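Structural features, examined
Residue-level listing of the chains:
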Amino acid sequence: MEYKTDSLLVHLARAGDEDACEKLVKKYYSSIYQYCLLHINDPYEAEDLTQEVFTRFFSNLYRYKEYGKVKNYLYTIAGNTVKNYYKKKKDIPSEELLKSEDSGKNYVEELGVRLTIEQAVRKLPEEIRETAVLYFFQELKQREIAELLHIKLSLVKYRIGRAKKLLMKELEMKKDEEL
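Keep in mind it's a predicted model, so treat the numbers as computed, not measured.

How each quantity is defined
Residues numbered from 1 in each chain as written. Predicted model: local features only at pLDDT ≥ 70, side-chain atom pairs only at ≥ 80, totals over all residues. Heavy atoms only, no water. Helix = DSSP H or I, 4+ residues; strand = E, 2+ residues; numbered from the N terminus. Expected span 1.5 Å × (residues − 1). Buried < 20%, exposed > 50% of the residue type's maximum accessible area, 1.4 Å probe, protein only. Polar contact = N/O pair within 3.5 Å; in protein donor to acceptor, adjacent residues only side chain to side chain. Contact = heavy atoms within 4.5 Å. Core = buried A, V, L, I, M, F, W, Y, C linked by side-chain atoms within 4.5 Å. Domains from an automatic or database assignment. Axes fitted to C-alpha atoms, helices over the stretch in contact; angles between N-to-C directions. Left-handed = near helix turned anticlockwise from the far one by under 90°. Nonpolar A, V, L, I, M, F, W, Y, C, P; charged D, E, K, R; others polar.

**What about helix α6 (residues 126-137)?**
Under the 1.5 Å per step criterion, the end-to-end length of α6 is 15 Å for 12 residues, consistent within 8% with the ideal 16 Å. Of all the positions in α6, only Ile 128, Arg 129, Glu 130, Thr 131, Ala 132, Val 133 and Leu 134 are classed as buried. In the stretch just after α6, Glu 139 is the one whose phi turns positive, near 55°.

**Section: the side chain of Gln 138**
Among the secondary structure elements, Gln 138 is positioned in the loop between α6 and α7 (142-149). Owing to a relative accessible area of 11%, Gln 138 belongs among the buried residues under this scheme. Polar side-chain contacts of Gln 138 include one of 3.4 Å to the backbone oxygen of Ser 31. When residues no more than four places from it in sequence are discounted, the contact partners of Gln 138 are Ser 31, Gln 34, Tyr 35, Leu 38, Tyr 75 and Val 133.

**A word on the nonpolar core**
The biggest cluster of nonpolar side chains holds 44 residues, and the ones touching the most others in it are Leu 24, Ile 32, Tyr 35, Phe 57, Val 70 and Leu 74. Where this core is concerned, the elements lending two or more residues are α1 (2-14), α2 (18-40), α3 (43-59), α4 (70-89), α5 (105-122), α6, α7 and α8 (153-178). Take this core: its biggest share by element is 11 residues, from α2. Summarising the domain contributions, this core has at least three residues from each of domain 1 (1-91) and domain 2 (114-178). For Phe 57, the contacting residues outside a window of four places in its chain are Val 10, Leu 24, Val 70, Tyr 73, Leu 74 and Ile 77.

**Some remarks on α7**
Of all the positions in α7, only Glu 144, Ile 145, Ala 146 and Leu 148 are classed as buried. Positioned one or two residues after α7, His 150 has a phi angle of 55°, which is positive.

**A few points about the packing of α2 against α4**
Where α2 contacts α4, the axes come no closer than 10 Å and their chain directions differ by 35°. Taken as a pair, α2 and α4 cross one another with a handedness that is right-handed. Between α2 and α4, the contacting residues are Leu 24, Tyr 28, Ser 31, Ile 32, Tyr 35, Cys 36, His 39 and Ile 40 on the first element and Val 70, Lys 71, Leu 74, Tyr 75, Ala 78, Gly 79, Val 82, Tyr 85 and Tyr 86 on the second. Within the contact of α2 with α4, the residues separate by chemical class into 13 nonpolar, three polar and one charged.

If you want it as structure tokens, here you go:
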């Protein structure tokens, strides 16, 4: 059903229906923003990149072939946008400390765990990191990841397994450092 709905929205957007464009943005903005944020760790830059992703999507909508899901197409654009961002920057992002004014212990603990996991993911080799972000944070199915990255399903499974091992190792090292 999702595919048919997206297909209809794309068709209407091509015809100039602003409502359809808005619905597509509302539907996928959060996922694309999270994807960008996990790659660059700067909320303002991630927001700019997310807007750039949708600008590129709508300006090239006539090129979009409805063979796959809109979500996958947006992730492809987002991946290219992030790569272009780093080509322009030509440096590796420094880890920034996130300051929270919320003193609630559960919130801080959850945030700490999430930041630790995100930092560990950023240390993964690029091809494994891309697969891990799509699988663990964007919750795409392995088959969707294979289609999106244009790789075999067996390679996706290998990368996810490798990511799990490397993340466990990194998180164990982090835990040992804290003791």
